[in-house]
Amino acid sequence: MTDVLSQPENRASDWLSRGGLRPTRQRLALADLLVGDGKNRHVTAESLFASAKGQGESVSLATVYNTLRAFCDVGLVQEVTVDGSKSYFDTNTHDHPHFYWEDEGRLSDAHASDLVIAALPDAPEGMEIAKVDVVIRLRKKGA
C-alpha cells in the first residue's frame, strides 16, 4: 500500500485493524503477503495460496478464499472479475481501471487519468449504479 501505514513489521496488523478485523495468525500471514512490503498487488486466491505455502504457512485454499472475502467485506481489497470464473483481488481500493493481459493471465492497473467515460446508461427503475469496473483486455498484435 502506498498510503500511510506504520513500520514494515506492523503493516499487516495495522491494515487488519483499519478493517476492524481480528489479527488471527492466518489473517496476519495473508495480510503480510498482500501489503507487507508496502506495495499494491493483484492476486487470485490460488496465487495467494501458493505464496503462503511457499512461505511455509499452514493454510488451506478454503481459508484463503474465506479470508479474501472477509478482506473484501471490510473494504481492504476489491474484487475484480475478469470473466465469469476468474477473480482477482486488488489491494488498491481506489477507483481505477485495469489491464488484463490475456496471454499471461495477469491483471495490472491502468492510469485512471487516461480514461474518459462520457456517459453511462440510466439505471433501471428503482436501482442506482453502485460502481463501474473497467477491465481493458490486452493481447499481442496478430494473435
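These figures come from a predicted structure and were not determined experimentally.

Chemist: Is there a simple way to explain the side chain of histidine 98 in this structure?
Modeler: By the secondary structure assignment, histidine 98 is in strand 4 (residues 98-101). A distance of 3.4 Å separates the side chain of histidine 98 from the side chain of histidine 42, its partner in a polar contact. The residues contacting histidine 98, other than those within four sequence positions of it, are His42, Gln78, Val80, Asp90, Leu107, Ser108, Asp109, Ala110, Val134, Val135 and Ile136.

Chemist: What's the story with the packing of helix 1 (residues 11-18) against helix 2 (residues 25-35) in this structure? I'm lost.
Modeler: Describing two packed helices takes the angle between their axes plus the distance from one axis to the other. Contact geometry of helix 1 with helix 2 gives a least axis separation of 8 Å together with a crossing angle of 105°. In terms of axis orientation, helix 1 runs roughly perpendicular to helix 2. Two secondary-structure elements touch here, helix 1 through Arg11, Ala12, Ser13, Trp15 and Leu16 and helix 2 through Arg27, Leu28, Ala31, Asp32, Leu34 and Val35. Partitioning the contact of helix 1 with helix 2 into residue classes produces 7 nonpolar, 1 polar and 3 charged.

Chemist: What is the right way to read the nonpolar core from this model?
Modeler: Grouped burial of nonpolar side chains is what soluble globular proteins tend to show. With 20 residues, the main nonpolar core has Trp15, Leu16, Leu34, Leu48, Val64, Leu68 and Phe71 as its most contacted residues. Secondary structure elements with two or more residues in this core: helix 1, helix 2, helix 3 (45-54) and helix 4 (61-73). By size, the runner-up hydrophobic cluster in this structure holds 5 residues, among which are Val80, Val82, Tyr88 and Tyr100.

Chemist: Help me understand the packing of helix 2 against helix 3, please; the structure alone is not making it clear to me.
Modeler: Where helix 2 meets helix 3, the closest approach of the two axes is 10 Å, and the angle between their N-to-C directions is 110°. Comparing the axis directions of helix 2 and helix 3 gives the class roughly perpendicular. Where helix 2 abuts helix 3, its residues Leu30, Leu33 and Leu34 lie against Leu48, Ser51 and Ala52. Residues of the contact of helix 2 with helix 3, tallied by class, amount to 5 nonpolar, 1 polar and no charged.

Chemist: Even after reading the chapter, I still don't get the packing of aromatic side chains, so can you show me in this structure?
Modeler: How two aromatic rings sit relative to each other is given by the distance of their centres and the angle of their planes. The tally for this structure, following the rule as stated, stands at 3 aromatic pairs. Centre to centre, the rings of tryptophan 15 and phenylalanine 71 are 4.9 Å apart; their planes meet at 80°, and the pair counts as edge-to-face. Here tryptophan 15, found in helix 1, pairs with phenylalanine 71, found in helix 4; they are 56 residues apart in sequence, far enough to count as distant. We classify tryptophan 15 as buried; its relative accessible area is 0%. By relative accessible area, which is 0% here, phenylalanine 71 ends up buried. Taking 6.4 Å as the distance between ring centres and 70° as the angle between the ring planes, the aromatic pair formed by phenylalanine 99 and tryptophan 101 counts as edge-to-face. A cation over an aromatic ring shows up here: arginine 106 above the ring of tryptophan 101, its NZ or CZ 4.4 Å from the ring centre.

Chemist: Is there a simple way to explain helix 2 in this structure?
Modeler: An α-helix turns once per 3.6 residues; consequently, residues spaced three or four apart project the same way. Taken residue by residue, helix 2 has Ala29, Leu30, Ala31, Leu34 and Val35 as its buried positions. Those residues of helix 2 that are buried are in contact with helix 1, strand 1 (42-43), helix 3 and helix 4.

Chemist: Got a minute to help me understand a nonpolar patch on the surface in this structure?
Modeler: A cluster of nonpolar side chains, namely Leu115, Ile117, Leu120, Ile129 and Val132, defines an oily patch on the protein surface of about 400 Å² accessible area. You can see isoleucine 117 is positioned in the loop between strand 5 (106-109) and strand 6 (135-138). A relative accessible area of 46% means that isoleucine 117 is categorised as partly exposed.

Cut-offs applied
- Residues numbered from 1 in each chain as written.
- Predicted model: local features only at pLDDT ≥ 70, side-chain atom pairs only at ≥ 80, totals over all residues.
- Heavy atoms only, no water.
- Helix = DSSP H or I, 4+ residues; strand = E, 2+ residues; numbered from the N terminus.
- Polar contact = N/O pair within 3.5 Å; in protein donor to acceptor, adjacent residues only side chain to side chain.
- Contact = heavy atoms within 4.5 Å.
- Axes fitted to C-alpha atoms, helices over the stretch in contact; angles between N-to-C directions.
- Parallel < 35°, antiparallel > 145°, perpendicular 65-115°, else oblique.
- Nonpolar A, V, L, I, M, F, W, Y, C, P; charged D, E, K, R; others polar.
- Core = buried A, V, L, I, M, F, W, Y, C linked by side-chain atoms within 4.5 Å.
- Buried < 20%, exposed > 50% of the residue type's maximum accessible area, 1.4 Å probe, protein only.
- Phe/Tyr/Trp six-rings, centres within 6.5 Å; stacked < 30°, edge-to-face > 60°.
- Lys NZ or Arg CZ within 6 Å of the ring centre and 35° of its normal.
- Patch = residues over 30% accessible without salt bridge, like charges linked within 9 Å, V, L, I, M, F, W, Y side chains within 5 Å.
- Areas by Shrake-Rupley, 256 points an atom, 1.4 Å probe, with all protein chains shown as cover.
- Salt bridge = Lys/Arg side-chain N within 4 Å of Asp/Glu carboxyl O.

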